[in-house]
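# Close look at the chain arrangement
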Amino acid sequence: MKFPDEFLEIVEGIKSMKIRGAGLIGRKAVEALKIVSDSINTTDSKEYIEEIKKAAKILISTRPTAVSLPNAVRYVYYRVKRAYNSGLGVKELKDTLRDAVNDFITISLNAIEKIGEIGAKRIEDEDTILTHCNSQAAISIIVHAFKQGKNIKVFATETRPKMQGRLTAKQLSKEGIPTTLIVDSAVRYFMPKIDKVVIGADAIAANGAVINKIGTSLIALAAHEARVRVMVGAETYKFSPETVFGELIKIEERPYDEVVPEEWLKANPGVSVRNPAFDVTPPEYIDVIITEMGIVSPQSFFLLAKDVFGWMFGEKDEWISLDTFHL
Ligand code: RI2
């Protein structure tokens, strides 16, 4: 079957980062599954589930690091797979998929709101906050604190090479929050002025290590040196189940032309460019992780995620139980 153009546009959008942000790519990916589901024209359940599986695999292959993407896709896929295993017809499978997609999107948006409510309690009046990249979880914490009447200021790193920091600065200043944009390399220079670092996460490993936008680990190191607390806003579906089995999270390397223009590189043929999009911050450099279920230390995040991810004790071929994201 040829996949619909609308599906392919989402796939391309995620790859090229026109659609970006760990939570958002998860939500967009499940929307893309719904588009495929609606377009399948068969009465054969086996054929239907095979097509959904193909689409799921394509979506998972778009970006390798943010685990919210595969977790979202698996959540929907396994719900439909379970319905398929119980012998339902295509119409019922389509209904199941639509419900699962809607549930994931609701759970995801509610989680970001809840993280904001919970995290804001840890922000004090007159705090100066440093944030990196463009995380909706981190922004939710900052905006909630501001709306509670706390007089806060934010320093936002520009986040080279894709400059997502500009999006953050724009978003925060629209809310009326005094925001200063700084180059990434100015972080240590400004650290003495910072009370709290508030960032997001693309994935969290079983040992509590946080995988986030490149440069996060340097920021955490500078914060550690200056005794500044580091808070991570992360939905529980940012947990990487593979890390329980000792697998490493793959760090995405993006094209060189995000760093220098093609012509520059041609004029300097001896130079090579590396462009990793994420890095790993060890748990020792993170104080707390704010989730939709409460605040935990990075080392305890696994305990929380284990309960949420019923998959660990699920059936053999199921990664995630139906209750996975029930909060
Ligand atoms: P939310 C982004 O990745 C950033 O690394 C950001 O910190 C993280 O996702 C989490 O964002 P990218 O898509 O899920 O810009 O909190 O590479 O929005």
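Owing to the predicted nature of the structure, the values given are computational and were not obtained by experimental measurement.

## Brief notes about the packing of aromatic side chains
In the structure shown here, the tally under the stated rule is eight aromatic pairs. For the pair Tyr77 and Tyr78, a centre-to-centre distance of 5.2 Å together with 75° between the ring planes defines the contact as edge-to-face. Each of the two residues, Tyr77 as well as Tyr78, counts as buried. Between Phe155 and Phe190 the ring centres are 5.0 Å apart and the planes differ by 40°, which places this aromatic pair in the tilted class. Of this pair, Phe155 sits in strand S2 (residues 153-157) while Phe190 sits in helix H8 (residues 187-190); the two residues are 35 residues apart in sequence, bridging distant segments of the chain. Here the aromatic cluster, defined as three or more aromatic residues joined through ring pairs, consists of Tyr75, Phe104 and Tyr237. The ring of Phe278 has Lys213 lying over it, and the distance from NZ or CZ to the ring centre is 4.3 Å.

## What about the sheet that holds S2?
With respect to topology, seven strands assemble into an open sheet ordered S3-S2-S1-S4-S7-S9-S10, the strand pairing being mixed. Each edge of the open sheet is held by one strand with a lone partner, namely strand S3 (179-182) and strand S10 (294-296). Recorded for the sheet is a direction-independent mean angle of 25° between the axes of neighbouring strands. Summarising the sheet, S2 and S3 pair through four bridges and their orientation is parallel. Note on S3: the bridge partner recorded for Thr157 is Ile182.

## Concerning the nonpolar core
Core analysis: the largest hydrophobic core is formed by 40 residues, its most contacted members being Phe7, Leu33, Tyr48, Ile52, Leu59 and Val76. Secondary-structure elements contributing two or more residues to this core are helix H1 (5-16), helix H2 (22-39), helix H3 (45-60), helix H4 (68-85) and helix H5 (90-120). At nine residues, the largest contribution of residues to this core is made by H4. Dropping the residues within four chain positions of it, Leu59 is found in contact with Phe7, Val11, Ala29, Ala32, Leu33, Leu69 and Val73. Among the nonpolar cores identified, the runner-up in size contains 30 residues, and Ala186, Val187, Ile199 and Val210 belong to it.

Reading the values: the criteria
Residues numbered from 1 in each chain as written. Predicted model: local features only at pLDDT ≥ 70, side-chain atom pairs only at ≥ 80, totals over all residues. Heavy atoms only, no water. Phe/Tyr/Trp six-rings, centres within 6.5 Å; stacked < 30°, edge-to-face > 60°. Buried < 20%, exposed > 50% of the residue type's maximum accessible area, 1.4 Å probe, protein only. Helix = DSSP H or I, 4+ residues; strand = E, 2+ residues; numbered from the N terminus. Lys NZ or Arg CZ within 6 Å of the ring centre and 35° of its normal. Pairing = 2+ DSSP bridges. Axes fitted to C-alpha atoms, helices over the stretch in contact; angles between N-to-C directions. Core = buried A, V, L, I, M, F, W, Y, C linked by side-chain atoms within 4.5 Å. Contact = heavy atoms within 4.5 Å.

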